[in-house]
Amino acid sequence: MVQKNTFEATEVVLGKLFNNDYLFRMPVYQRPYSWTPEETEELLNDLLGAMDEENTVEPYFLGSIVLIARPDSSVHEVIDGQQRLTTLTMLFCALRELTDDGDKRTSLDRRVRETRDVFAGGRDRFRLEIRERDQDFFRDNVQTPAKISNFIDNGPEHTSDSQKLIFDNTNFLYSELSKLSQDRRDALSQFVIGQCYLVVVSAYDRDSAHRIFSVLNARGRDLTPTDILKSDVIGEIPSKVADEYNKRWEDIEDELGREKFRELFGHIFVIETGNRFHRELAKAFKENVLVEYSGTQFVDETLVRYAEAFRVVTNATYESAEHPEDVNRMLIHLRRIDNDDWIPVAMGFYDKYKAIPTTLLALLKDLDRLAYAMFVTGVRRDPRIVRYRPVIEATNRDEPALDEVFEHLQLTPEEQRGVVSLLNEPVYRPRPAARFARPLLLRLDSVLADASVSYDHKIITVEHVLPQTPEPGSEWVKNFPDEDERDDWTHRLANLVLLSRSKNASAQNYDFDRKKKEYFQKDGVAGFALTTQVVNEESWTPRVLKRRQKMLIEALKTEWRLVV
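In this report, we go over the structure that sits alongside the text. (Residues numbered from 1 in each chain as written. Predicted model: local features only at pLDDT ≥ 70, side-chain atom pairs only at ≥ 80, totals over all residues. Heavy atoms only, no water.)

**Section: the overall build of the protein chain**
Okay, step 1: Counting its secondary structure elements, the protein chain contains 26 helices and 10 strands.
Okay, step 2: Counting all 564 residues of the protein chain, 51% fall into the buried class.
Okay, step 3: If you take every contact in the protein chain between residues at least 6 apart in sequence, the share linking residues at least 24 apart comes to 72%.
Okay, step 4: Carbon and sulfur atoms form 46% of the exposed surface of the protein chain, whose accessible area is close to 26,900 Å². (Helix = DSSP H or I, 4+ residues; strand = E, 2+ residues; numbered from the N terminus. Buried < 20%, exposed > 50% of the residue type's maximum accessible area, 1.4 Å probe, protein only. Contact = heavy atoms within 4.5 Å. Areas by Shrake-Rupley, 256 points an atom, 1.4 Å probe, with all protein chains shown as cover.)

Here it is in structure tokens:
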């Protein structure tokens, strides 16, 4: 028995591809438009370069696209190729808008629209329709004749990342093409329509199309892991409800943005498995998470609920009649450390205990202590994940395991001693200041400040009171005559303060009184509790620093319940 071919591949010139034989439609699970102006520039430069080569009669190939062909219809579902087809449509639209010749404009418009024939009938329709939530935006501002100029002049009213990219790329193409002579634009139009080809892979069923899609693009830079997962999840949902679930998926993706959406899936993977993925996310997620769900179950039971938790935890927007400020303050503290491994833990806490504010706050306080303990002592990522794993597992249990969750959050005596020991060492020098000293100082400042105080400074810098390189003969050298002692104190907590502005190199060697008045107090920068304390000191000597160091360490020991 001869097996029927499930697909065929054909070289098609763009003049035929953007004609009546093909109408391109996006399936509901298709990813959004994602090409950047850099990729569009690369395409335009490639086309102009190929056009300028001496032997311009040779065909120029632009890669491949994967379509699902409908029997006896010119309508094709685009499984892969949206980025190129959309960008080429923008190119035709921009070329159309820039010509004053009616015949040329009509020819280019024919690549964008199928117009009604007065005698043969039919109807006006666009050759390419992108995903539903962007199509009106694309049609009204780009595809419809005489719209691009106004679109660019007035700026986009976009509601998603993809619409912003549509504007950016249309603007780029229109601007770059307007710099060319009309003869050169005409030559480009003729070259693209008559000599540029795509390999069109036409499949006759969805399974075949998706197999081809995976082979051609699983490693492609245009796809994100969530694009591939969307194809798997939405593609298996019955067609009668697929539109509804696709909309819910895209609502979440648009609200978070594509990069944050990908981060969400990474955190869900940790929550569901207790591990971080060590290979490609889409494959690991499919094999370890999606196998437990149907498509509708995953969206209903996991994606929607954890997207809410992710938004609240990362934006510190918890709302409740009790303790909302305290909960959000803990989340803000956690956001400042140099890793996001705490996020899945906090998401699980929110998901399970959001209706019990007192419990949620207690859990986040213990998480804050544990996360900062590992931050201060330099625990690396894999050991952090191992440390958090039993917390996640206990949180996920159906049966109440709150006591066990708290138990796994506690610091061992050894961990507590390690934190206190490192806090007493120079905290600025061993690590990059922006990744370590500043978050630690902000956390310490929150302990010293009024609980209701919050900072929203655009710039926060770390300043040394005793300068790192004091000038010989200065007050600093007189107060710290022992060079080793001076060097030892320079980078400790007691000598560090926060400023709400950029550092001033010329001010760093001012004597203490001048530095207080002109640098620490100017323009209200002494609003930080740490800085205010320094302003209230009359002198800056080893004795002051010893007293201050002890006080600061005790404040953190009390806050984090370090019994050492």
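**A few points about the pattern of salt bridges**
Okay, step 1: Here the structure, examined in full by the defined rule, presents 45 salt bridges.
Okay, step 2: One salt bridge in this structure joins Arg139 and Asp136, with 3.0 Å as the shortest N-O distance. With Arg139 and Asp136 both in helix 5 (residues 132–143) and three residues apart, this pair spans about one turn of that helix.
Okay, step 3: Arg139 sits in the partly exposed class, given a relative accessible area of 28%.
Okay, step 4: Since its relative accessible area comes to 42%, Asp136 is described here as partly exposed.
Okay, step 5: Residue Asp232 is joined to Lys286 by a salt bridge in which the shortest nitrogen-to-oxygen separation is 3.6 Å. Of this pair, Asp232 sits in helix 10 (residues 225–235) while Lys286 sits in helix 13 (residues 281–288), and the two are 54 residues apart along the sequence.
Okay, step 6: Given the relative accessible area of 25%, Asp232 is considered partly exposed.
Okay, step 7: A cluster of three or more residues bridged by salt bridges with shared partners is formed by Arg131, Arg133, Asp134, Lys230, Lys247, Glu250, Asp251 and Asp254. (Salt bridge = Lys/Arg side-chain N within 4 Å of Asp/Glu carboxyl O.)

**What about the packing of helix 16 (residues 343–353) against helix 17 (residues 357–377)?**
Okay, step 1: Closest axis-to-axis distance for the helix 16/helix 17 pair is 9 Å, and the angle between their directions is 170°. Classified by the angle their axes make, helix 16 and helix 17 are roughly antiparallel. Of the residues in helix 17, those touching helix 16 at Val345, Ala346, Phe349, Tyr350 and Tyr353 are Pro357, Thr359, Leu360, Leu363, Leu364 and Leu367.
Okay, step 2: The residue makeup of the contact of helix 16 with helix 17, split by class, is 10 nonpolar, one polar and no charged. (Axes fitted to C-alpha atoms, helices over the stretch in contact; angles between N-to-C directions. Parallel < 35°, antiparallel > 145°, perpendicular 65-115°, else oblique. Nonpolar A, V, L, I, M, F, W, Y, C, P; charged D, E, K, R; others polar.)

**Here we look at the packing of helix 3 (residues 82–97) against helix 5**
Two measures define how a pair of helices packs: the angle their axes make with one another and the distance between the axes.
Okay, step 1: Between helix 3 and helix 5, the least distance of the axes is 10 Å, while the angle of their chain directions is 30°. Relative to helix 5, the element helix 3 is oriented roughly parallel. From helix 3, Thr86, Thr89, Met90, Cys93 and Arg96 reach across to helix 5, where they touch Phe138, Val142 and Gln143.
Okay, step 2: Of the residues assigned to the contact of helix 3 with helix 5, the class counts are four nonpolar, three polar and one charged.

**What to know about a negative patch on the surface**
Okay, step 1: Taken together, the side chains of Glu38, Glu41, Glu42 and Asp46 present a region of like negative charge at the surface.
Okay, step 2: Residue placement: Asp46 occurs in helix 2 (residues 37–52). (Patch = residues over 30% accessible without salt bridge, like charges linked within 9 Å, V, L, I, M, F, W, Y side chains within 5 Å. Lys, Arg positive; Asp, Glu negative; His and termini not counted. Charge placed at Lys NZ, Arg CZ, Asp CG, Glu CD.)

**Brief notes about helix 11 (residues 239–256)**
Because an α-helix packs 3.6 residues into every turn, residues spaced three or four apart end up facing the same way.
Okay, step 1: If you check helix 11, its first and last C-alpha atoms are 26 Å apart, about what 18 residues at 1.5 Å a residue would give, namely 26 Å.
Okay, step 2: Buried residues of helix 11: Ala242, Tyr245, Asn246, Trp249, Glu250, Ile252, Glu253, Asp254 and Leu256, and no others.
Okay, step 3: Check the buried side of helix 11 and you find it contacts helix 5, helix 10, helix 12 (258–273) and helix 14 (295–315).
Okay, step 4: Looking one or two places after helix 11, you find Gly257, whose phi comes out positive at around 90°. (Expected span 1.5 Å × (residues − 1).)

**Comments concerning the packing of aromatic side chains**
Okay, step 1: Per the stated rule, a full pass over the model turns up 21 aromatic pairs.
Okay, step 2: A centroid spacing of 5.9 Å and a plane angle of 15° characterise the contact between Tyr22 and Phe24, whose relative ring orientation is stacked.
Okay, step 3: A ring pair is formed by Phe285 and Phe298, whose centres lie 5.7 Å apart and whose planes are at 85°; its orientation type is edge-to-face. Placement of Phe285 in helix 13 and of Phe298 in helix 14 is noted, with a sequence separation of 13 residues between them. (Phe/Tyr/Trp six-rings, centres within 6.5 Å; stacked < 30°, edge-to-face > 60°.)

**A look at helix 7 (residues 161–178)**
Okay, step 1: With 18 residues, helix 7 should cover 26 Å at 1.5 Å per step; its first-to-last C-alpha distance of 26 Å lies within 8% of that length.
Okay, step 2: Residues of helix 7 that are buried: Ser162, Gln163, Leu165, Ile166, Phe167, Asp168, Asn169, Thr170, Phe172, Leu173, Tyr174 and Leu177.
Okay, step 3: Along its buried surface, helix 7 packs onto helix 2, helix 3, helix 5, helix 6 (148–154) and helix 8 (182–195).

**Points about the environment of Leu256**
Okay, step 1: With respect to the helices and strands, Leu256 occurs in helix 11.
Okay, step 2: Taking the C-alpha atoms as reference points, Leu256 and Ser160, 96 residues apart in sequence, are found 9.6 Å from one another.
Okay, step 3: When residues no more than four places from it in sequence are discounted, the contact partners of Leu256 are Phe261, Leu264, Phe310 and Arg311.

**Quick word on the environment of Glu404**
Okay, step 1: Relative to the assigned elements, Glu404 resides in helix 19 (residues 402–409).
Okay, step 2: Overall, Glu404 belongs to the partly exposed group, its relative accessible area being 26%.
Okay, step 3: When near neighbours in sequence (up to four residues on either side) are disregarded, Glu404 contacts Ala394 and Arg397.

**A short note on unusual backbone geometry**
Okay, step 1: With a phi close to 65°, Ala146 is a non-glycine residue in the positive phi region.
Okay, step 2: One can find Ala146 in the loop between helix 5 and helix 6.
Okay, step 3: The class of Ala146 is exposed, set by a relative accessible area of 63%.
Okay, step 4: With phi around 55°, Ala316 is a residue other than glycine that occupies positive phi space.
Okay, step 5: The exposure class assigned to Ala316 is buried, which follows from its relative accessible area of 13%.

**Things to note about the pairing of strand 4 (residues 75–80)**
Okay, step 1: Of all six residues in strand 4, six are buried; the element is thus mostly enclosed.
Okay, step 2: As judged from the four bridges shared by strand 3 (residues 60–69) and strand 4, these two strands associate in the antiparallel manner. Of the residues in strand 4, the one forming a bridge with Leu67 is Val78.
Okay, step 3: The turn joining strand 3 and strand 4, which pair antiparallel and follow one another in sequence, is formed by five residues; a positive phi near 55° is taken by Asp72. (Pairing = 2+ DSSP bridges.)

**Considerations on the environment of Glu471**
Okay, step 1: Structurally, Glu471 is set in the loop between strand 9 (461–464) and helix 22 (475–479).
Okay, step 2: Residue classification places Glu471 among the partly exposed residues on the basis of a relative accessible area of 48%.
Okay, step 3: Each C-alpha atom, one on Glu471 and one on Asn509, is 7.2 Å from the other, the two residues being 38 residues apart in sequence.
Okay, step 4: Sequence-distant contacts of Glu471, defined by excluding residues within four places in its chain, comprise Val477 and Asn509.

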